[in-house]
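Architecture and fold: a report
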Amino acid sequence: MQHLFSITVYHSQEELEYLLEKGLKTIDSSGIELLVGYDPVDVSLKDVTRTVHLPYAVDWFGPYSGRRKVPEGLDQISVKYQHYGRDRSEIIDSVRRAIDISVPLEPEHGVFHASSADMDSLMTLDSSDGNENIVSAVADIMNEIVSVYPGGEPPFKLVFENTWWPGLRMIDDRTYRVLENELEFSNWGLCLDTGHLLVSLRGSDTEESALEMLNECVESYPKEMIERIDAMHLHVNTSKSVLLNVPSLDDSLLIERNERIKKASELISSADMHLPFTNAKVKDFVNRINPQILVHEMGAINLMDNIRDYNIQRSLL
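The text that follows walks through the structure, step by step, so that each part is easy to find.

Analysis parameters
Residues numbered from 1 in each chain as written. Predicted model: local features only at pLDDT ≥ 70, side-chain atom pairs only at ≥ 80, totals over all residues. Heavy atoms only, no water. Helix = DSSP H or I, 4+ residues; strand = E, 2+ residues; numbered from the N terminus. Buried < 20%, exposed > 50% of the residue type's maximum accessible area, 1.4 Å probe, protein only. Contact = heavy atoms within 4.5 Å. Areas by Shrake-Rupley, 256 points an atom, 1.4 Å probe, with all protein chains shown as cover. Core = buried A, V, L, I, M, F, W, Y, C linked by side-chain atoms within 4.5 Å. Pairing = 2+ DSSP bridges. Axes fitted to C-alpha atoms, helices over the stretch in contact; angles between N-to-C directions. Salt bridge = Lys/Arg side-chain N within 4 Å of Asp/Glu carboxyl O.

1. Looking at the overall build of the protein
Along the protein, the regular secondary structure elements total 14 helices and 8 strands. The principal-axis extents of the C-alpha atoms in the protein amount to approximately 50 × 45 × 40 Å. Across the 317 residues of the protein, 52% fall into the buried class. Sequence separation of 24 or more characterises 79% of the internal contacts of the protein that already satisfy a separation of 6 or more. Split by element, the accessible area of the protein, about 13500 Å² in all, is 48% carbon and sulfur.

Put into structure tokens, the structure is as follows:
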């Protein structure tokens, strides 16, 4: 099992240089998982990059399906980062671009959030889009993206990550079955994000209860689904009290759009805490899944705090 440190291309040059020159030497890791964007990546990161995380757009299903239009006047960069594009063709071009700029890093796999959330419902846990509809759309766009590569297979394995937004939530095997039935290429897998799953399960108060919830959920997975879990993003949330006070969709729509987006950001940071596990029983849970790659995905703002939290969690494993 490889243990990876999570970092993004959006960290400062000073932080990236520190990580490469000193930081990685202070932790027990096999390298990094690098969140990429749409610009070419510094090839000096190749030697330490084991996997990549492809960029995420909040609501791509709206323009993909025609249910929602991208707001007029939104600049092209914002369109790409919020929606991937204004229509299906632009969405496909953006995701393929992110894959292509990752190829020189020769990653073992690329992670893709198999979800989408209506911008109007971001500060709630409600949606009318439907989990299966969104995962089916993921399969559709990925099939077209991958079709242009040699042999109809991606240049590196694609692993699909669960979030608590509509889509691949992994509270059961239903949306996994959509991927299994509709993907037309074979080089794919799953990335189980423990923190996201805890939010989907409506949260826990303690690490002990979090592990109980995770184990109970995984107990329901069929064997072939567990075998598809190539990677795990490991972190914990104890944010049940936050989730109990999330407004309904009807109530949220009474709030002005920009204020909703602001409150959604606050919800994301308070509900999806990305804290390190400190309970030694987490080792049993990880070994139960036995992923090839374990990413310690910490949420601290600065690099040094992320290294600290990585070491706390890594010491348990």
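2. Brief notes about the nonpolar core
Inside soluble globular proteins, nonpolar side chains tend to come together where they are buried. Counting residues in each nonpolar core, the largest one holds 75 residues, and the members touching the most others are Phe5, Met142 and Phe160. By residue number, the principal contributor to this core is helix H5 (residues 131-146), which donates 9 residues. Dropping the residues within four chain positions of it, methionine 142 is found in contact with Val95, Phe112, Leu158, Phe160, Leu183 and Phe185. Within the second largest apolar cluster, 12 residues are counted, among which are Trp165, Ala264, Leu267 and Ala271.

3. Structural notes on the sheet that holds strand S6 (residues 188-193)
Pairing is parallel in the closed barrel, where 8 strands are placed in the order S1-S2-S3-S4-S5-S6-S7-S8. Averaged over all pairs of adjacent strands, the angle between their axes in this sheet comes to 30 degrees, without regard to strand direction. Judged from the 5 bridges that link them, strand S1 (residues 2-8) and strand S2 (residues 31-35) form a sheet pairing that is parallel. Across the sheet, serine 6 pairs through a bridge with glutamate 33, a residue of S2. Taken strand by strand, helix H6 (residues 174-182) contacts strand S5 (157-161) and S6, and its axis lies near 165 degrees from that of S6.

4. A closer look at the pattern of salt bridges
Within this structure, the stated rule accounts for 18 salt bridges. With a closest N to O distance of 2.8 Å, aspartate 129 and arginine 68 form a salt bridge. With a gap of 61 residues between them, aspartate 129 in the loop between strand S4 (109-113) and H5 and arginine 68 in the loop between helix H2 (61-65) and helix H3 (76-83) connect regions that are remote in the sequence. Residue classification places aspartate 129 among the buried residues on the basis of a relative accessible area of 1%. Judged by its relative accessible area of 18%, arginine 68 is buried.

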